[in-house]
Amino acid sequence: MRALVVGADRVDAIRNELFQSEHLGITCAEHWSGRHVHENRKPIPIDTRVVVVLCNRVSHDLLYSIKRQATSRGLPVVFCRHSVVDLRDKLSRARIRDH
């Protein structure tokens, strides 16, 4: 399954944390930096299981687009700071169902 990480430039530590969270079953993590305007209109990939939004590193337009798409598809969205510790905490509390 795929995770989508939105925001920031370097997300290697975030990706590694997603891969190590075995209960998620994430094997691929796509990253959208949010620096390009076309990302505001980009659809979330079909096989995405969870969306991680790095709040302090994303534009409002992209945030609203991601939120709208994820809500319409019933995808869980984890909002966190650009921090592995914060992501780990939010993932432990998130209700991510098996597909």
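Above this text sits the structure in question.
An account of the accompanying structure is given in this report. Model, not experiment: these values are computed from the prediction.

Focus on the overall build of the protein chain
Each helix and strand counted, the protein chain has three helices and four strands in total. Ordering the α and β elements of the protein chain from the N terminus gives β-α-β-β-α-β-α. Considering only C-alpha atoms, the protein chain reaches an extent of 35 × 25 × 20 Å along its principal axes. For the protein chain, buried positions account for 44% of its 99 residues. Partitioning the intrachain contacts of the protein chain with sequence separation of at least 6 by distance along the chain shows that 71% fall at a separation of at least 24. For the protein chain, the accessible area works out to roughly 5,900 Å², and carbon and sulfur atoms hold 49% of it. For the protein chain, the centre of its 17 positive side-chain charges and the centre of its 11 negative side-chain charges are spaced 5 Å apart.

Thoughts on helix α2 (residues 60–73)
Along an α-helix, a turn takes 3.6 residues, which lines up residues three or four apart on a common side. Here α2 is 14 residues long and its end C-alpha atoms lie 20 Å apart, about the 20 Å a rise of 1.5 Å per residue gives. Of all the residues in α2, the buried ones are L62, L63, S65, I66, Q69 and A70. Down the axis of α2, the smallest arc covering the buried residues is 165°, so these residues share one side. Exposed residues on α2 whose side chains face more than 90 degrees from its buried face are H60, D61, R68, T71 and S72.

Criteria and thresholds
- Residues numbered from 1 in each chain as written.
- Predicted model: local features only at pLDDT ≥ 70, side-chain atom pairs only at ≥ 80, totals over all residues.
- Heavy atoms only, no water.
- Helix = DSSP H or I, 4+ residues; strand = E, 2+ residues; numbered from the N terminus.
- Buried < 20%, exposed > 50% of the residue type's maximum accessible area, 1.4 Å probe, protein only.
- Contact = heavy atoms within 4.5 Å.
- Areas by Shrake-Rupley, 256 points an atom, 1.4 Å probe, with all protein chains shown as cover.
- Lys, Arg positive; Asp, Glu negative; His and termini not counted.
- Charge placed at Lys NZ, Arg CZ, Asp CG, Glu CD.
- Expected span 1.5 Å × (residues − 1).
- Arc of directions from axis to C-beta.

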